[in-house]
Amino acid sequence: MQSVTVDPREIREAVTMREAIEAVRSGFLDLAAGEFEMPTRTALRDGQFLVMSAHHRASASAMIKTLSLNFDRAPAIAGTVVWTETGRTDSLIADAGAVTTLRTGAAVGVATDLLAPAAAGRLTIIGAGGQAPDQVRAVHTVRPLSELTVVDTDPRRAEALAETLAPELKGTQIRTATDTEAAVGDAEIVCCATSATSPLFAEQALPAQVHVNAIGAFRPTMRELPDELLATSTVIIDEREAILAESGEILHALNSGALTQDDLTELGTALTATEAVRGKRTVFKTVGVAMQDWAIARLLADKFLP
């Protein structure tokens, strides 16, 4: 019996974004089919410590992730993902930061592939922190980008992200900005990856047709999207129980009457819908669920465990 430890570099080398997206897509389908035992995560110190777990019944495997979160340090996410299963005595321990950014990007890739117009190629990413690179990579995987605008209140962070991504985005026009509303005005896809506590833009700033991914607000006190956008969009969520416990913008919209719970559709359900769920405006709101970490950990276990 042994534990195999996988560091961030090994994770990146072993798992492509395409593989991550397909693994997470399969996980959302299994989640909708009731294949997971998945408690709502434990949040301590107002979300600075998180514990997440998932058991996949069909494979008799389980994952537990424990992390600390601090946006004033680098990296912001630190901790471990531990994978075990009944069919092996060996376990896998992976870096939680790398798994989290990869699986969050992958979920956005699944949602964008389902909801964004097939020809969409103009992306605005709001927030140039640690989650942003995989947000862009995931969207680019399913909707090759012709234009990318990186928005951050700190121009230096925006420029640094643009420089990081440029070698991966050959043929993509990349620019940076600090004016959020101007930057979303002609976007076909918008990704929000911030720690905001109030909406990042007004609903009127967006074009008539747009797909928006919102991943940053993961506590009831946080909020990236305005009620008016949610009220006029098709709203897809990762998992109902988690969203109703943690998503600040969804809770705000429900309390204001802009949304009802009937307006919320889980991504796994949307993936199997017999009718198209696309509309002029679509929103994918995720707070992150343990199934996503399980999906990446399963890929790593298949690659690194004997």
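Here, every reference points to the structure presented above.
In this text the structure is predicted, and so the values were computed from the model without any measurement. (Residues numbered from 1 in each chain as written. Predicted model: local features only at pLDDT ≥ 70, side-chain atom pairs only at ≥ 80, totals over all residues. Heavy atoms only, no water.)

Asker: I'd like a description of the nonpolar core, backed by residues and values.
Answerer: Counting residues in each nonpolar core, the largest one holds 102 residues, and the members touching the most others are V190, F201, V212, L225 and L300. Top element by residues in this core is helix α3 (residues 96–115). It accounts for eleven residues. Excluding residues within four positions of it along the chain, V212 makes contact with V190, C192, L206, L225, L229, T282, V283 and F284. (Core = buried A, V, L, I, M, F, W, Y, C linked by side-chain atoms within 4.5 Å. Buried < 20%, exposed > 50% of the residue type's maximum accessible area, 1.4 Å probe, protein only. Helix = DSSP H or I, 4+ residues; strand = E, 2+ residues; numbered from the N terminus. Contact = heavy atoms within 4.5 Å.)

Asker: Describe the environment of M63, with residues and values.
Answerer: Locating M63 in the fold gives a position in strand β5 (residues 61–69). According to the relative accessible area criterion, M63 is buried, its value standing at 0%. For the pair M63 and E266, spaced 203 residues apart in sequence, the C-alpha separation works out to 22 Å.

Asker: Run through the pairing of strand β4 (residues 49–56), naming residues and quoting values.
Answerer: Residues in a regular strand point their side chains to alternate faces of the sheet. Side chains L50, M52, A54 and H56 project from β4 onto a buried face, and the interleaved F49, V51, S53 and H55 project onto a face without burial. Bridge count for strand β2 (residues 36–37) against β4 is two bridges, and the pairing is antiparallel. The partner of E37 across the bridge, within β4, is H55. By the bridge criterion, three bridges tie strand β3 (residues 42–44) to β4 in an arrangement that is antiparallel. Its bridge partner being in β4, T42 is matched across the sheet by V51. (Pairing = 2+ DSSP bridges.)

Asker: Explain the sheet that holds strand β15 (residues 281–285) to me, using residue names and the numbers behind them.
Answerer: Ordered in space as β10-β9-β8-β11-β12-β15-β13-β14, the eight strands form an open sheet in which the pairing is parallel. Here the strands that pair on one side only, and so sit at the sheet edges, are β10 (173–177) and β14 (264–266). On average, each strand axis in the sheet is tilted by 20° relative to the strand beside it, whichever way the strands run. Two elements, strand β8 (residues 122–126) and strand β9 (residues 147–151), share five bridges in a ladder whose sense is parallel. Paired with I126 across the two strands is V151, which belongs to β9. Here helix α5 (residues 155–165) sits on the sheet and contacts β9 and β10; the angle it forms with β10, its principal contact strand, is near 165°. (Axes fitted to C-alpha atoms, helices over the stretch in contact; angles between N-to-C directions.)

Asker: Explain the packing of helix α4 (residues 132–142) against α5 to me, and be specific about the residues and the numbers.
Answerer: Packing of α4 against α5 leaves a shortest axis separation of 11 Å and a crossing angle of 45°. Taken together, the axes of α4 and α5 are oblique relative to one another. Here α4 runs over α5; the crossing is right-handed. Within the contact between the two elements, α4 uses A132, P133, V136 and R137 and α5 uses L161, T164 and L165. The residue inventory of the contact of α4 with α5, partitioned by class, reads five nonpolar, one polar and one charged. (Parallel < 35°, antiparallel > 145°, perpendicular 65-115°, else oblique. Left-handed = near helix turned anticlockwise from the far one by under 90°. Nonpolar A, V, L, I, M, F, W, Y, C, P; charged D, E, K, R; others polar.)

Asker: Tell me what's going on with the packing of aromatic side chains, and back it up with residues and numbers.
Answerer: According to the stated counting rule, one finds three aromatic pairs in the structure shown. Put simply, the rings of F36, W83 and W294 touch in pairs and so form one group of aromatic residues. (Phe/Tyr/Trp six-rings, centres within 6.5 Å; stacked < 30°, edge-to-face > 60°.)

Asker: Before we move on, can you summarise helix α11 (residues 290–304) with the specific residues and values?
Answerer: Relative to the 21 Å expected for 15 residues at 1.5 Å per residue, α11 spans 21 Å between its end C-alpha atoms, a close match to the ideal helical length. The element α11 is extensively covered by neighbouring structure, given that eleven of its 15 residues are classed as buried. The complete set of buried residues in α11 reads A290, M291, Q292, D293, W294, A295, I296, A297, L299, L300 and A301. (Expected span 1.5 Å × (residues − 1).)

Asker: Residue-level account of the pattern of salt bridges, with values.
Answerer: All told, the structure shown has 22 salt bridges when counted by the stated rule. The salt bridge involving R143 is made with D113; its shortest N-O contact spans 2.9 Å. Placement of the pair is R143 in the loop between α4 and β9 and D113 in helix α3, with a sequence separation of 30 residues. Owing to a relative accessible area of 26%, D113 belongs among the partly exposed residues under this scheme. Members of the salt-bridge network, linked through shared partners, are R12, D134, R137 and E168. (Salt bridge = Lys/Arg side-chain N within 4 Å of Asp/Glu carboxyl O.)

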